[in-house]
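Coordinate inspection notes
Here's the letter readout for the chains.
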Amino acid sequence: MLDVSETGVRYEDVTSLAELRENFVTLFKVAGRAIVIARTPAGISAFDGTCTHARFHFGTSRLVADCEIECPMHGARFDAATGAVTKGPAKLPLPRIDAVIENGIVRVRVDWAATP
Ligand code: FES
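Everything numeric in this text was worked out from a predicted model, so none of it was measured. (Residues numbered from 1 in each chain as written. Predicted model: local features only at pLDDT ≥ 70, side-chain atom pairs only at ≥ 80, totals over all residues.)

1. Digging into the overall build of the protein
Across its full length, the protein carries zero helices and 12 strands. Starting at the N terminus and walking to the C terminus, you meet the elements of the protein as β-β-β-β-β-β-β-β-β-β-β-β. Counting across all 116 residues of the protein, residues that qualify as buried make up 30%. Residue pairs in contact within the protein that sit at least 24 positions apart in sequence constitute 43% of those at least 6 positions apart. (Helix = DSSP H or I, 4+ residues; strand = E, 2+ residues; numbered from the N terminus. Buried ≥ 20, exposed ≤ 12 C-beta atoms within 10 Å, placed from the backbone. Contact = placed C-beta atoms within 7 Å.)

2. What to know about the confidence of the model for the protein
Confidence in the prediction for the protein averages 89 pLDDT; 90% of positions are at 70 or higher. Strand β1 (residues 2–4) is the least confidently modelled element of the protein, averaging 61 in pLDDT, while strand β9 (residues 85–87) averages 96, the highest of any element. (pLDDT = per-residue confidence, 0-100.)

3. Notes on the sheet that holds strand β4 (residues 33–40)
A sheet is described by the order of its strands in space; here five strands give the open sequence β6-β3-β4-β5-β10, paired in antiparallel fashion. Strands at the two margins of the open sheet, each flanked by one partner only, are β6 (61–62) and β10 (96–97). By the bridge criterion, two bridges tie strand β5 (residues 43–48) to β10 in an arrangement that is antiparallel. Within β10, the position partnered with phenylalanine 47 by the bridge is arginine 96. (Pairing = 2+ DSSP bridges.)

4. A closer look at the nonpolar core
Core analysis: the biggest nonpolar cluster contains 24 residues, and Ile35, Val36, Ile37, Ala38, Ala46, Ile69 and Val108 have the highest contact counts within it. Mapped by element, the contributors of at least two residues to this core are β2 (10–16), β3 (24–30), β4, β5 and β12 (105–109). With four residues, β4 is the single largest residue contributor to this core. Residue contacts for alanine 38: discarding those within four places in its chain leaves Val25, Ile44, Ser45, Leu63, Ile69 and Ala80. (Core = buried A, V, L, I, M, F, W, Y, C linked by C-beta atoms within 7 Å.)

5. Focus: the sheet that holds strand β7 (residues 68–70)
Here three strands make up an open sheet; going across it, the order is β7-β8-β9 and the pairing antiparallel. Among the strands making up the open sheet, the edge pair consists of β7 and β9. If you compare each strand with its neighbour and ignore which way they point, the axes differ by 35° on average. Note: strand β8 (residues 77–79) against β9, two bridges, orientation antiparallel. Residue pairing for β9: arginine 77 is matched across the bridge by lysine 87. (Axes fitted to C-alpha atoms, helices over the stretch in contact; angles between N-to-C directions.)

6. A few points about unusual backbone geometry
Cis geometry is adopted by the peptide bond preceding proline 89, which originates at glycine 88 and carries an omega value of 20°. For proline 89, the position within the fold is in the loop between β9 and β10. In this model, asparagine 23 sits at a positive phi of 70°, which is unusual for a non-glycine residue. Of note in this structure, alanine 31 is not a glycine but carries a positive phi near 50°. Relative to the assigned elements, alanine 31 resides in the loop between β3 and β4. Since 14 C-beta atoms lie within 10 Å of it, alanine 31 is described here as partly exposed.

Structure follows, in structure tokens:
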């Protein structure tokens, strides 16, 4: 379901919180864009689903130690809460996508150009 708030911000339903395995990142295609949603003991975070090193698309996989997303191509790691690089060769963080949980449904902001 897609809706537009009074401010013009658009969110789309992605999945239920119950479908997200804890300590995993899960790949989704939303509004034409590959995204990953990480579920950690601290909550959920959504990011662009493409590694900032050489544009490899992440798949669905277990988070590595300390809640990091590891790129399967060359081993770069990113903080699963912030997207910050924790291990090279990537130099740029994963672009974060605003995600919210409403009534057990995970929704992400899909007005991509406006998402930081
Ligand atoms: S493409 Fe991800 S580390 Fe190189």
